[in-house]
Amino acid sequence: MQVQGPLQNLEQWDDFVGERYKPNKKTEEFRDYSKTTPGVVEFYRQNHARQTRAFVLDKKRQYAGLTRTRMSIWEALDYLNTLVDESDPDTDLSQIDHNLQAAEAIRRDGHPDWFQLTGLLHDIGKVLCLYGEEQWAVVGDTFPTGCAYSDKIVFHEFFDANPDSKNPEYQTQLGVYEKGCGLDKVDLSWGHDEYFYHIAKPYLPEPALYMIRYHSFYPAHREGAYDYLMNVRDRKMFDWVRTFNPYDLYSKSDSKPSVTELKPYYQGLIEKYFPSQVDF
Ligand code: FE
Ligand code: FE
């Protein structure tokens, strides 16, 4: 199944973020987005214009109740793998390959099993694309809706086209929120992070849930924005989100991991933490 939107594939967004935060980048290159692929620019234009607060609340009503289907976690990984990119299928790594690479890098560094499992599963929410959601509603740097947009958000200027930017109630620093209310009360832009968070919530430890829910919240975990919405717990847990981020961005390699060899190990982890059928 092909994904709808201006990106050639979902990895194009990941690659853009990886490039943006590449270690040792020269300061003059830091906010120079002039060489960004037109598809990526158009993707952000759509994302920033269309992720309104009303849209986010609507998608939560539609998906966060997890009434769509039931399947095993491995079935979900296989299902996600049916997302195919336009590029050459022989050289391209599949979604499972990318996720296994992240999990294996985490395992090599001696992190706990639930952390490894998080590496494997953190992007399962991208199955939203298979439900027919467009790219701008599945991936992209996430940001709070219902309050002022931080200028730390990439392509901040595209928010001019978002109807919420004309709503004075939403354009104060706190908007509809209270200072220090905690991120759990904040409605971030909708996408694969939030969706899989709801699926995994009953089963994984708290640091894993933070990694899953906020891994695309770059304005906060990389830029330090929106601290005034966080509580003490969020600040502490964001250390885990930051620990996870390099595995998400930089564990990709061209060597294809052997799914048959690795499946028994990860299937064991899935069985340790999840029941055989999970609500989606
Ligand atoms: Fe992701
Ligand atoms: Fe990822």
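Everything here concerns the structure above.
None of the values given here were measured: they were computed from a predicted structure.

Caption draft 1: Spatial organisation of helix α3 (residues 53–63). Looking only at α3, the buried set comprises R53, V56, K59 and Y63. Burial along α3 is one-sided: seen end-on, the buried residues are contained in an arc of 130 degrees. Pointing more than 90 degrees away from the buried face of α3 are the exposed residues A54, D58 and R61. Tucked into the core, α3 has its buried residues touching α7 (192–200).

Caption draft 2: Broad picture of the environment of Y203. Within the secondary structure, Y203 is located in the loop between α7 and α8 (206–214). On the neighbour-count criterion, Y203 (17 C-beta atoms within 10 Å) is partly exposed. Taking C-alpha positions, Y203 is 9.6 Å from K272, a pair spaced 69 residues apart along the chain.

Caption draft 3: Representation of the environment of L57 in the model. In this fold, L57 is placed in helix α3. Residue L57 is classed as partly exposed on the basis of its 14 C-beta neighbours within 10 Å. Separated by 56 residues in sequence, L57 and D113 place their C-alpha atoms 33 Å apart.

Caption draft 4: Region of the structure containing the packing of helix α6 (residues 113–121) against α8. Interhelical geometry of α6 versus α8 gives an angle of 20 degrees and a closest axis separation of 9 Å. When the axis of α6 is compared with that of α8, the two are roughly parallel. Note on packing geometry: the crossing formed by α6 with α8 is right-handed. Note on element contacts: α8 touches α6 through A208, M211 and I212, opposite W114, F115 and T118.

Rules used throughout
- Starting from 1, residues in each chain are numbered consecutively following that chain's sequence as written.
- The order in which chains are written sets their letters, starting at A; the order in which ligands are written sets their numbers, starting at 1.
- It should be noted that, the model being predicted, local features are given only for residues of pLDDT at least 70 and side-chain atom pairs only at 80 or more, the latter also being counted only at that level, while totals for whole chains, interfaces and linings use all residues.
- Neighbour counting defines burial: a residue surrounded by 20 or more other C-beta atoms within 10 Å of its own C-beta is buried, one with 12 or fewer is exposed, and intermediate counts give partly exposed, using backbone-placed C-beta atoms.
- Labels follow the DSSP assignment, with helices taken as runs of H or I lasting at least four residues and strands as runs of E lasting at least two, numbered in each case from the N terminus.
- The directions from the helix axis to the C-beta atoms are what the arc is built from.
- C-beta atoms are placed from the backbone for every residue, and two residues are taken to be in contact when these atoms lie within 7 Å.
- Angles shown run from 0 to 180 degrees and are taken between the N-to-C directions of axes, each axis being a line fitted to C-alpha atoms and, for helices, limited to the stretch in contact.
- Put simply, angles under 35 degrees are roughly parallel, angles over 145 are roughly antiparallel, angles from 65 to 115 are roughly perpendicular, and the rest are oblique.
- Handedness of a helix crossing follows the sense of rotation of the near helix relative to the far helix, less than a right angle counterclockwise being left-handed and clockwise being right-handed.

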